[in-house]
Amino acid sequence: MRYDLNLLPVFLALMEERNVTRAAARLGITQPALSNALVRLRDMLQDPLFIRERYGMQPTQKAESLAPGIAAAVARLDELILGQQGFDPAKAERLFTIAPNSYVEFVLVPAIVARLRERAPGIRLRLTPYGTDLAETGAISGETAMVLGRIVDPPDNLVVQHLMDDGLACVVRADHPQVNKRLSRKQYEQLKHVNVLPAGRLRAGLFQALERQGLRRDVAVSVTHFLAIPEMLAVTDYCTTLPMQICRHLAGDARLKVLPAPVDLGTFPTEMAWHVRYRHDPAHQWLRALIGEVAMQIAKAPAP
């Protein structure tokens, strides 16, 4: 029997998305083309594979049992084929999809883009959100080249590399009437706070650090991105607690001042994870090395 290997990525995309429209968008094909591929998949594997239900496509028992083997086979094929291909970054024309959390997007991505412009101007990046679920990023299926942030409980098909650690500091407006050069524990607990709610584990890490130190915050407002904070602090007497690398950027704003946290809040890691199928891909290896180089350089920058 002849097998159409082009159908295997379709199977994996449907397993991941459980939705024909989203799976088609991930693969870069039209919805009718994916529906046609699903018909051929069902014929090839002699099973309905996915049953349409109210909230999406649910895999059959056979699809569930086949998924690990198909994922491993596709990963192995990628290693065999991509590993034989050379890679010249100066001449490469390629698009990489990466999933950084909001911290990485603010701190690392601009420097990564600048480095790519110098060394590999034909390489383009597409950023996709890194939410609370690794599966949503496409990293587990391999549709996304890598995920960047705090990686907790990764599945076996992801390789994880530590990039850097960062600490935490506080920011208030430069002419704050209650805070001079130091921020005491009492002041910290009496002030109103702006809380940033990035998706994922960075938020949990700050909450846990405060809890370990028995430090309380009176949160007046919560925002969804670091970029919202400077304007909020500049017109209030509020305080915020942020990663030091972000504080380095805010230290250049004359309206604000950066202060040490009143207690040691520890550090948190930034990591990079990628699907095992890209372990030996020369282009992916090169990009991962560049990102590691950028992270190392930024981590060595002096504290604000």
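Small disclaimer: the values here were computed from a predicted structure and weren't measured. Sequence positions are assigned chain by chain, starting from 1 and proceeding in written order. A pLDDT threshold of at least 70 governs which residues receive local features in this predicted model, and a stricter bar of 80 or more applies before side-chain atom pairs are shown or counted, although totals over entire chains, interfaces and linings include all residues. Only hydrogens and water are set aside when side-chain values are computed; all heavy atoms of the structure are taken into account.

1. Observations regarding the pattern of salt bridges
Part 1 of the reasoning: For salt bridges, the criterion is a side-chain nitrogen of Lys or Arg within 4 Å of an Asp or Glu carboxyl oxygen. One pass over the structure, following the stated rule, counts eleven salt bridges.
Part 2 of the reasoning: Glu-293 serves as the salt-bridge partner of Arg-119, at 2.7 Å between the closest nitrogen and oxygen. With Arg-119 in helix H6 (residues 109-119) and Glu-293 in helix H12 (residues 282-299), the pair connects residues that are 174 residues apart, well separated along the chain.
Part 3 of the reasoning: The partly exposed category is assigned to Arg-119, whose relative accessible area is 37%.
Part 4 of the reasoning: Categorising residues by exposure relies on relative accessible area from a 1.4 Å probe, with only protein chains included: less than 20% of the type maximum marks a residue as buried, more than 50% marks it as exposed, and the intermediate range marks it as partly exposed. Owing to a relative accessible area of 33%, Glu-293 belongs among the partly exposed residues under this scheme.
Part 5 of the reasoning: A salt bridge links Glu-189 to Arg-216, with the shortest nitrogen-to-oxygen separation between them at 3.2 Å. Of this pair, Glu-189 sits in helix H8 (residues 185-190) while Arg-216 sits in the loop between helix H9 (201-212) and strand E9 (218-223); the two residues are 27 residues apart in sequence, bridging distant segments of the chain.
Part 6 of the reasoning: Salt bridges here are not isolated pairs; linked through shared partners, they connect Arg-115, Arg-119 and Glu-293. Each helix is a run of H or I in the DSSP string that is no shorter than four residues. Each strand is a run of E no shorter than two, and both are numbered from the N terminus.

2. Regarding H6
Helical periodicity: at 3.6 residues per turn, an α-helix aligns residues three or four positions apart in one direction.
Part 1 of the reasoning: Residues Val-109, Ile-112, Arg-115 and Leu-116 constitute the buried set of H6. Considered in projection along H6, the buried side chains sweep an arc of 120° and stay on one side of the axis. Looking at H6, the residues exposed on the side facing more than 90 degrees away from the buried face are Arg-117 and Glu-118.
Part 2 of the reasoning: We call two residues in contact whenever any of their non-hydrogen atoms come within 4.5 Å of each other. The inward-facing, buried residues of H6 contact strand E3 (94-100), helix H5 (102-107), strand E4 (123-127) and H12. When we speak of the arc, we mean the arc of directions from the helix axis to the C-beta atoms.

3. With respect to a nonpolar patch on the surface
Part 1 of the reasoning: Patch building starts from residues that exceed 30% relative accessible area and form no salt bridge, then joins like charges within 9 Å and nonpolar side chains (Val, Leu, Ile, Met, Phe, Trp, Tyr) within 5 Å. Accessibility throughout is a Shrake-Rupley quantity obtained with a 1.4 Å probe, and a residue counts as covered only by protein chains that appear here. A contiguous nonpolar patch, built from Tyr-3, Leu-5 and Leu-77 and spanning about 310 Å² of accessible area, is present on the exposed surface.
Part 2 of the reasoning: Structurally, Leu-77 is set in helix H4 (residues 61-82).

4. A word on the nonpolar core
Part 1 of the reasoning: The biggest cluster of nonpolar side chains holds 58 residues, and the ones touching the most others in it are Leu-108 and Leu-242.
Part 2 of the reasoning: Here this core gets seven residues from one element, more than from any other, and that element is H12.
Part 3 of the reasoning: Not counting chain neighbours up to four residues away, the residues in contact with Leu-108 comprise Tyr-103, Met-164, Thr-270, Val-294, Ala-295 and Ile-298.
Part 4 of the reasoning: Within this scheme, the nonpolar core is defined by two criteria: the residues are buried Ala, Val, Leu, Ile, Met, Phe, Trp, Tyr or Cys, and they are joined through side-chain atoms within 4.5 Å. Of all hydrophobic cores here, the second largest spans 24 residues; its members include Ala-13, Leu-34, Leu-38 and Met-44.

5. A closer look at the sheet that holds E4
Part 1 of the reasoning: Two strands make a pair as long as DSSP finds a minimum of two bridges between them. With mixed pairing, the five strands of this open sheet are ordered in space as E4-E3-E5-E12-E6. Both outer strands of the open sheet, E4 and strand E6 (158-166), are each paired with one neighbouring strand and no more. Recorded for the sheet is a direction-independent mean angle of 25° between the axes of neighbouring strands.
Part 2 of the reasoning: In this structure, E6 lies alongside strand E12 (residues 268-275), joined through eight bridges in antiparallel fashion. What sits directly across from Leu-158, in E12, is His-275.
Part 3 of the reasoning: Axis lines are fitted through C-alpha atoms, for helices just across the contact stretch, and the angle between N-to-C directions can take any value from 0 to 180 degrees. Those strands touched by H6 are E3 and E4, and its axis lies near 160° from that of E4.

6. Details of the environment of Ala-111
Part 1 of the reasoning: In this fold, Ala-111 is placed in helix H6.
Part 2 of the reasoning: Among the residues examined, Ala-111 registers a relative accessible area of 25% and is labelled partly exposed.
Part 3 of the reasoning: The contact partners of Ala-111, leaving out residues within four places of it in the chain, are Val-294 and Ile-298.

7. Section: the sheet that holds strand E11 (residues 256-260)
Part 1 of the reasoning: Spatial ordering of the open sheet is given by E9-E8-E10-E7-E11, a layout of five strands whose pairing is mixed. Each edge of the sheet is formed by a strand with only one pairing partner; in this case those strands are E9 and E11. Each strand axis lies, on average, 35° off the axis of its neighbour in the sheet, ignoring direction.

8. What to know about the environment of Lys-192
Part 1 of the reasoning: Tracing the sequence through the fold places Lys-192 in strand E8 (residues 192-196).
Part 2 of the reasoning: Leaving out residues up to four positions away in the same chain, Lys-192 has contacts with Asp-218, Ala-220, Tyr-238 and Cys-239.
Part 3 of the reasoning: Side-chain polar atoms of Lys-192 contact the side chain of Asp-218, separated by 3.0 Å. Any pair of N or O atoms that falls within 3.5 Å is considered a polar contact. Within protein, one atom must be able to donate a hydrogen and the other to accept it, and sequence-neighbouring residues count only if both atoms are side-chain atoms.

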